[in-house]
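Read off the chains here:
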Amino acid sequence: MTDNARDIETLIELMARLPGLGPRSARRAVLHLIQKRAILMGPLAQAMQQVAATARECLNCGNIGTAEICEICRNEKRANGLICVVEDVADLWAMERGQSFSGRYHVLGGTLSALDSVGPEDLRIPRLVDRVASESITEVILALNATVDGQTTAHYIAEQLEGAGVSVTSLAQGVPIGGELDYLDDGTITAALQARKRF
Amino acid sequence: MIEWRDEGALLRVRRHGESAAIIEVFTAGHGRHAGVVRGGASRRIAPILQPGSQLDVTWKARLDTHLGHFVVEPIRSRAAVAMGGRLSLAGLNAITALLCFCLPEREAHPALYARSITMLDLLGHADAWPLAYLRWELALLEEMGFGLDLTCCAVTGSRDDLAYVSPRTGRAVSVAGAGAWADRLLPLPQCLLGQGPVAGPEIGEGLRMTGHFLRTRLAPALGERPLPPARQRLVELLSREG
C-alpha cells in the first residue's frame with residue numbers, strides 16, 4: 001500500500017468509528033468526500049478543525065457551544081424563570097427542534113444508575129440546585145427519559161429541590177403523536193391512562 | 001446449538017455496541033442469566049427492556065460457556081407502575097440491585113424467584129409493600145445461606161418474649177435470655193413475629209437488622225463488595241415516609 005492509500009485507509013477507519021457507520025458505509029462516505037473534494041471535503045475539514053478548536057461545554061448549563069457561556073444562557077429573553085432539565089445535549093437539541101420551550105436548560109450529563117455506579121456527584125445536580133437559587137427560577141421542568149434510571153434521577157432531583165420554593169414538573173407520558181394504540185406497550189398505555197385529561 | 005426457553009424478570013440492561021444490549025434476567029429454571037439481545041437498543045425493543053419487566057426469553061448459544069443471545073417477548077411491564085411513585089421506584093431499584101449483587105450466575109433459585117416476582121407485582125401497593133420487602137430480604141439471606149433463626153430463644157429455648165437477634169449468630173433472643181447483653185443485640189421487630197404494629201419505625205428496625213447481616217455476612221462472602229446504594233436509598237425513603 002502506498003503512503004497516500006494508507007492515509008485514505010486511516011480516514012476510513014476513523015469514519016467507521018462514527019455512530020451509524022460501519023467499515024463499508026465509511027468507505028462509501030470517504031469515496032464521496034474525495035469525489036467532492038472541493039465543495040465538500042475541504043469545507044468539512046475546515047469546519048471540523050474549527051469546531052475541534054472551539055467547542056466546549058457551557059459552564060452554566062452543560063450545553064455544547066463555542067464560548068464559556070452558551071448562546072441560550074446569554075439570551076436575556078430566555079431568563080423567564082423556567083429551567084428544563086435534560087439528560088444530555090442530544091435531548092436539549094431535540095427540545096430546541098420542537099421550538100416550544102422558551103426558557104433555559106440544564107444538562108445533567110447522564111442519569112443516576114445504581115447498577116453502573118453513577119451517583120449524584122457524577123452528574124451536574126449540585127450545580128442545578130445552585131442555579132435554582134441564583135437565577136430566580138420559578139419552575140423546574142424535568143424532561144428526563146421515561147426509563148427507570150431517568151425517573152429515579154427525576155425523583156432524586158425533586159427531593160433535592162424540596163424547600164427551594166420552586167415548582168417541579170415533569171413531561172407527560174403517553175400516546176405519541178401519530179401513535180396507534182395497538183402498537184403501544186402496556187406500560188405506555190398504563191401511563192397514558194393515568195395521565196388522561198378532560199376532553 | 002444449545003437452546004432453552006423460560007420466563008423471567010429483567011434485572012439489568014447494558015448497551016452493547018451501537019444497537020445491541022446485554023441483559024441479565026432472573027428466571028425460575030436458570031437463575032440469573034446474561035445474554036445479548038440483538039437490536040436491544042432499538043426504538044422497538046428498548047422500551048421493553050426496562051428493569052423489572054417480565055419477559056419470555058429464549059436463549060441460544062453454540063456452547064454453554066458462551067454469553068449467548070436472547071430473543072425476548074414482553075409479558076408485562078412493571079416500569080409504568082414503579083415510575084408512579086418514588087417509593088415503588090426505589091423498591092424496584094433495590095430489588096434488582098440486590099439480586100444482581102447476590103445471585104451467582106446460572107444457578108436456579110426457584111423459591112427466591114417466586115418471592116421476588118410476588119414482590120415486583122406488589123410494587124405500587126404502598127401499604128403492604130414495606131413489610132413484604134423486609135420479609136423478602138430475610139428470604140434472600142436464607143437463600144444465600146445466611147438465614148436467621150427467629151423461632152426460639154438461643155439462650156433459653158423459649159418461644160415467648162423474643163425481642164432481640166444476636167448480631168453474631170442471627171438467632172433470636174428473648175428478653176429474659178438477653179439480660180445485661182440486651183444493648184449489644186439487634187432489636188427484633190415484633191411485626192416479623194406476626195405481632196405488634198407494622199409502622200415505619202418497626203420496618204426501619206427490621207431493615208437495620210437485615211442490613212447488618214447483608215453487610216457483615218453476605219457481602220464479605222461475595223468478595224467484600226459494598227452493598228448496592230439502591231438499598232440504602234430505599235431504607236432512607238422508608239424511614240422518611242414511615
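Residues numbered from 1 in each chain as written. Chains lettered and ligands numbered in written order. Predicted model: local features only at pLDDT ≥ 70, side-chain atom pairs only at ≥ 80, totals over all residues. Heavy atoms only, no water.

**Q** How should the overall build of chain A be read in this particular structure?
**A** Scanning chain A from N- to C-terminus turns up eight helices and six strands. Taken from N to C terminus, the helices and strands of chain A fall in the order α-α-α-β-β-α-β-α-β-α-β-α-β-α. Relative to the globule expectation of 16 Å for 199 residues, the C-alpha radius of gyration of chain A, 22 Å, shows a markedly less compact shape. In terms of overall dimensions, chain A has C-alpha extents of about 65 × 45 × 35 Å along its principal axes. Across the 199 residues that make up chain A, the buried fraction comes to 32%. By sequence separation, contacts in chain A at least 24 residues apart represent 46% of the contacts at least 6 residues apart. For chain A, the computed accessible surface area is about 12,600 Å², with 54% contributed by carbon and sulfur atoms. With 19 positive and 25 negative side-chain charges, chain A shows a separation of 9 Å between the mean positions of the two kinds. (Helix = DSSP H or I, 4+ residues; strand = E, 2+ residues; numbered from the N terminus. Rg over C-alpha atoms; globule rule 2.2 N^0.38 Å. Buried < 20%, exposed > 50% of the residue type's maximum accessible area, 1.4 Å probe, protein only. Contact = heavy atoms within 4.5 Å. Areas by Shrake-Rupley, 256 points an atom, 1.4 Å probe, with all protein chains shown as cover. Lys, Arg positive; Asp, Glu negative; His and termini not counted. Charge placed at Lys NZ, Arg CZ, Asp CG, Glu CD.)

**Q** Quick question: what am I supposed to make of the interface of chain B and chain A here?
**A** A common way to express how large an interface is: the accessible area buried when the components associate. Each partner contributes to the interface: chain B provides 23 residues, whereas chain A provides 19 residues. Roughly 1,800 Å² of surface becomes buried between chain B and chain A when both sides are summed, with 56% attributable to carbon and sulfur atoms. When the buried area of chain B at its contact with chain A is split by residue, B:Met83, B:Arg86 and B:Arg233 rank highest and sum to 29% of it. Our count for the chain B to chain A interface comes out at four salt bridges. A:Glu162 is the salt-bridge partner of B:Arg86, the closest N and O atoms lying 3.2 Å from each other. Connecting chain B to chain A are seven residue pairs in polar contact (both at pLDDT 80 or more). Those elements that place two or more of their residues in the side of chain B that touches chain A are strand E1 (2–16), strand E5 (69–76), helix H1 (79–82), helix H2 (86–102) and helix H7 (229–241) of chain B. Split by residue class, the side of chain B that touches chain A holds twelve nonpolar, four polar and seven charged. (Buried area = accessible area lost by both parts, 1.4 Å probe. Salt bridge = Lys/Arg side-chain N within 4 Å of Asp/Glu carboxyl O. Polar contact = N/O pair within 3.5 Å; in protein donor to acceptor, adjacent residues only side chain to side chain. Nonpolar A, V, L, I, M, F, W, Y, C, P; charged D, E, K, R; others polar.)

**Q** Please explain the domain arrangement of chain A as it appears in this structure.
**A** When the domains of chain A are assigned, the result is domain 1 (3–54) and domain 2 (64–198). Between the C-alpha centres of domain 1 of chain A and domain 2 of chain A there is a distance of 35 Å. (Domains from an automatic or database assignment.)

**Q** Hey, could you run me through the sheet that holds strand E3 (residues 82–86) of chain A in this one?
**A** Within a sheet, each strand pairs with its neighbour through backbone hydrogen bonds, oriented either parallel or antiparallel. All names here are of chain A. Read from one edge to the other, the open sheet built from four strands follows the order E4-E3-E5-E6, with strand pairing classed as parallel. Two strands in the sheet have a free side with no partner beyond their single neighbour: strand E4 (104–107) and strand E6 (167–170). Ignoring strand direction, the axes of neighbouring strands in this sheet form an average angle of 25°. Here strand E5 (residues 139–142) runs beside E6; their pairing, made up of four bridges, is parallel. When the bridges of E6 are listed, Ile-141 appears paired with Thr-169. The strands touched by helix H6 (residues 125–134) within the sheet are E3, E4 and E5, with E4 carrying the most contacts at an inclination of about 155°. (Pairing = 2+ DSSP bridges. Axes fitted to C-alpha atoms, helices over the stretch in contact; angles between N-to-C directions.)

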